[in-house]
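Reading the structure
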Amino acid sequence: MFEHVEPFGGDPILSLNEDFQKDPRQAKINLSIGIYFDDAGRIPVLDSVRQAEAKVVARNAPKPYLPIEGAANFREEVQKLLFGAGHDALAAGRVATIQSVGSSGGLKVGADFIARWLPGSEVWVSDPSWENHRSMFEGAGLAVRSYPYYDASTGALAFDAMCEALRRIPAKSVVLLHACCHNPTGVDLTRAQWDALIPLLAEHDLLPYVDLAYQGFGDGIVEDAYALRALAAARGRDGRPLSFFVVNSFSKSMSLYGERCGALSVACADRQEAVNVLGQLKFTVRRNYSSPPIHGGQIVAAVLGEPELRRAWESELGAMRERIQAMRKALHATLVQKMPARDFDYFLTQRGMFSYTGLGPAQVDRLRDEFAVYLVRSGRMCVAGLNSGNVEATGLAMAAVLDG
């Protein structure tokens, strides 16, 4: 019956992380997997989250199935976090939101929705993008293409080439965009570039699908939502509010990786469209995992909904963001000291948890084999894996492989 089934080659990032765990060298450094570690190299338990969880557990409440779309308090807090409390789009009731099994679950539900209701639409992702973006949309039966994004020669955004490519793609195409902290490059659009891009999307009747997995890790919670709020204020070619998807996650920002807390929101042209879209999202969920889990979502709702916990969380998230920025500066300083003739300023302008280092696959292999420093072979580095105890060693190892 199963003789024809081929072996799974493994996920490149998760497989690399497994190799790291098996490495017996004591001084090994893991900069591969997208997880935030503190300066002691541990996954932090945020105090705001700890307090929120204690409140949730103290309720001693029963655990029935949640509604298909998820808990109402979670969904309401997510909408306010993304768009801002009292936003016109929320007041008009034109945003449909579901609680999903992580942002990956939201991506999959959105992909299935597009396959059903926009058949024939292609999905366009940045070159490069998070590896799983392509496979998730292809798994829903959608054709996936790529548009120019990263300029390897400058370490910056290839914005003109990106816009030129998007002008040529078919109407009704889905364009996947990273709201901030682009994974894997760390190269983001500026506000001015968003302001230029959004009218282009509207003019060519394209459907934005925004991935916001790292809100708060770029410039701040509100600042990192700029693209969403600009999209929500935009009008389509027909003069009606622009429609778009946004998927967000609390894995990184609340260090709730294993709780799988995420959401999918769809901004629609009016309230009735939002009602219909929410209904079909629910039907998609029902055919998949039926309903989301309770516990993690209620922790998130408590953190976001209780002012004291919200302030504490924002402070903790700010400290995480500042630590990453400090590690960027420390790595940059080591590299500049060892190789003063080379420009490493891209480490300072890239934002969020990831950086494209400029290292090629052979150099990445040398880092792993000779120095026990683990990066993805594309050269992507998780900056959040650096700390005061390993950042200098990482910089010296990178300089050694760059020097040939």
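Residues numbered from 1 in each chain as written. Predicted model: local features only at pLDDT ≥ 70, side-chain atom pairs only at ≥ 80, totals over all residues. Heavy atoms only, no water.

1. Focus: the nonpolar core
Generally speaking, soluble globular proteins have nonpolar side chains that are buried together. Counting residues in each nonpolar core, the largest one holds 106 residues, and the members touching the most others are M162, L166 and L197. Considering each element in turn, this core owes the most residues, 8 residues, to helix α12 (residues 307–338). Excluding residues that lie within four positions of it along the chain, L166 makes contacts with Y147, V175, L197, L200, L201 and L206. The next biggest cluster of nonpolar side chains, apart from the first, holds 28 residues, and it includes I98, A140, V144 and V266. (Core = buried A, V, L, I, M, F, W, Y, C linked by side-chain atoms within 4.5 Å. Buried < 20%, exposed > 50% of the residue type's maximum accessible area, 1.4 Å probe, protein only. Helix = DSSP H or I, 4+ residues; strand = E, 2+ residues; numbered from the N terminus. Contact = heavy atoms within 4.5 Å.)

2. A word on the environment of N60
Inspection of the secondary structure puts N60 in the loop between α2 (47–58) and α3 (72–83). Taking the C-alpha atoms as reference points, N60 and V391, separated by 331 residues in sequence, lie 44 Å from one another.

3. Thoughts on the packing of helix α5 (residues 102–117) against helix α10 (residues 271–286)
When two helices pack together, their arrangement is captured by the angle between the axes and the distance separating the axes. Where α5 meets α10, the closest approach of the two axes is 10 Å, and the angle between their N-to-C directions is 110°. Taken as axis vectors, α5 and α10 run roughly perpendicular relative to one another. Crossing angle aside, the handedness with which α5 passes α10 is right-handed. Note on element contacts: α10 touches α5 through V277, Q280, L281, T284 and V285, opposite V109, D112, F113 and W117. For the contact of α5 with α10, a count of residues per class yields 6 nonpolar, 2 polar and 1 charged. (Axes fitted to C-alpha atoms, helices over the stretch in contact; angles between N-to-C directions. Parallel < 35°, antiparallel > 145°, perpendicular 65-115°, else oblique. Left-handed = near helix turned anticlockwise from the far one by under 90°. Nonpolar A, V, L, I, M, F, W, Y, C, P; charged D, E, K, R; others polar.)

4. Description of helix α11 (residues 295–305)
With 9 of 11 residues buried, α11 lies mostly within the body of the structure. Among the structural elements, α2, α3, β2 (95–101), β10 (261–267) and α12 are those in contact with the buried residues of α11.

5. Here's the deal with the side chain of E77
With respect to the secondary-structure elements, E77 resides in helix α3. When its relative accessible area of 12% is taken as the criterion, E77 is described as buried. Of the polar contacts made by the side chain of E77, one reaches the side chain of K80; its length is 3.3 Å. Discounting chain neighbours no more than four positions away, the residues touching E77 are A301, L304 and G305. (Polar contact = N/O pair within 3.5 Å; in protein donor to acceptor, adjacent residues only side chain to side chain.)

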